[in-house]
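Observations on the model geometry
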Amino acid sequence: MDFFEALNARYSHKEEFLPDAVPLEVLEKICQAGINAPNGVNRQVVRFIILPNRASIDPLAAVSSTAGLATAPAAIAVLTDTTITPVQPGVFNFEKEDYSAAVTQMLLAATAQGYSSLWLDSPYFDAANRAKATQVLGAPDTMYLWAVLPVGKPKGEGSRRGRMAFEDRVSYGKFGHGK
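Residues numbered from 1 in each chain as written. Predicted model: local features only at pLDDT ≥ 70, side-chain atom pairs only at ≥ 80, totals over all residues. Heavy atoms only, no water.

Turning our eyes to something else, we now look at the nonpolar core. One finds Val22, Ile30, Val78, Tyr99, Met106 and Leu149 to be the most contacted residues of the largest nonpolar core, which totals 25 residues. Only α2 (24-35), β2 (74-81), α5 (95-112) and β4 (143-152) provide two or more residues apiece to this core. Residue contributions to this core peak at 8 residues, all from α5. Each residue touching Ile30, except ones within four places of it in the same chain, is listed here: Ile76, Met106, Ala109, Ala110 and Val151. (Core = buried A, V, L, I, M, F, W, Y, C linked by side-chain atoms within 4.5 Å. Buried < 20%, exposed > 50% of the residue type's maximum accessible area, 1.4 Å probe, protein only. Helix = DSSP H or I, 4+ residues; strand = E, 2+ residues; numbered from the N terminus. Contact = heavy atoms within 4.5 Å.)

Here it is in structure tokens:
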């Protein structure tokens, strides 16, 4: 699948997945796409935990279950190492931007490999839930869990949300100006 086909085919799969296993090589390619993402000051703070099967996902799903996480045959947790860029005055911290760029590329990579995924971050907005999930993943307290990407083949079509027209979102020269 070429790049623009992957862009147009990608959607957030929020429904159930088929139980078919995802080959480890595919999960590694998806992680490599995240590793290749741009990152602030080349600090490379983003880390990944591949959850290759239900046995590794089920304890996490018990903490933060969604339809996707409850049925996905594989998943990838996306974390950042907070020791590399501690939040302090005068020090640029690009963790949010770095993880976002990584996840974007990973979602496209999953689509290009013929799989569906979802940027699942809302269960980890709650600090207590994030702490439980981080513990389940065996990550130290210095790692910040941002998201988990369930990966698999969709069970059924999967719902896609519409997009506003190009003309309604793009201006030329100044805001609100057409071609």
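Backbone-to-backbone hydrogen bonds join strands into a sheet, with any given pair of strands oriented parallel or antiparallel. Ordered in space as β1-β2-β4-β3, the 4 strands form an open sheet in which the pairing is antiparallel. Edge positions in the open sheet fall to β1 (46-51) and β3 (116-117), since each of these has one partner strand only. Where β1 and β2 come together, 6 bridges link them in antiparallel fashion. In the strand pairing of β2, Ile50 is matched with Ile76. Across the sheet, helix α3 (residues 54-63) touches β1, β2 and β4, and the angle it forms with β1 is around 115°. (Pairing = 2+ DSSP bridges. Axes fitted to C-alpha atoms, helices over the stretch in contact; angles between N-to-C directions.)

Structurally, Ala133 can be placed in helix α6 (residues 127-136). With 97 residues separating them in the primary sequence, Ala133 and Asn36 have C-alpha atoms 26 Å apart. Other than its neighbours up to four places away in sequence, Ala133 contacts Leu60, Val63, Tyr124 and Leu145.

Running from N to C, α3 and α6 point in directions that differ by 165°, and their axes come no closer than 9 Å. For the element pair α3 / α6, the angle class is roughly antiparallel. Two packed elements cross with a definite hand, and for α3 against α6 that hand is right-handed. Counting all contacts with α3, which are made through Pro59, Leu60 and Val63, the residues of α6 involved are Asn129, Lys132, Ala133 and Val136. Taken together, the residues that form the contact of α3 with α6 break down as 5 nonpolar, 1 polar and 1 charged. (Parallel < 35°, antiparallel > 145°, perpendicular 65-115°, else oblique. Left-handed = near helix turned anticlockwise from the far one by under 90°. Nonpolar A, V, L, I, M, F, W, Y, C, P; charged D, E, K, R; others polar.)

Considered for burial, the residues of α3 that qualify are Ile57, Leu60 and Ala61. One side of α3 holds all its buried residues, which, seen down the axis, span an arc of 105°. Residues of α3 that are exposed and point more than 90 degrees away from the buried face comprise Ala55 and Ala62. In this fold, the buried residues of α3 make contact with β1, α4 (67-71), β2, α6 and β4. With a side-chain oxygen lying 3.2 Å from the backbone nitrogen of Ala55, the N-terminal cap of α3 falls on Asn53. (Arc of directions from axis to C-beta. Polar contact = N/O pair within 3.5 Å; in protein donor to acceptor, adjacent residues only side chain to side chain.)

Before going further, it helps to examine the packing of aromatic side chains. Under the counting rule described, the total for this entry stands at 4 aromatic pairs. Ring centres 5.8 Å apart and planes at 80° place the aromatic pair Tyr99 and Trp119 in the edge-to-face group. Of the two residues, Tyr99 sits in helix α5 while Trp119 sits in the loop between β3 and α6, which places them 20 residues apart along the sequence. Overall, the relative accessible area of 5% leaves Tyr99 in the buried class. A relative accessible area of 27% places Trp119 in the partly exposed class. Between Tyr99 and Trp146, the aromatic rings sit 4.6 Å apart at their centres with planes inclined by 15°, giving stacked as the arrangement. Here the residue Tyr99 occupies a position in helix α5, and Trp146 occupies one in strand β4, the gap between them amounting to 47 residues. Through a chain of ring-to-ring contacts, the aromatic side chains of Tyr99, Trp119, Tyr144 and Trp146 assemble into a single cluster. We note Lys153 situated over the ring of Tyr115; from NZ or CZ to the ring centre the distance is 4.5 Å. (Phe/Tyr/Trp six-rings, centres within 6.5 Å; stacked < 30°, edge-to-face > 60°. Lys NZ or Arg CZ within 6 Å of the ring centre and 35° of its normal.)

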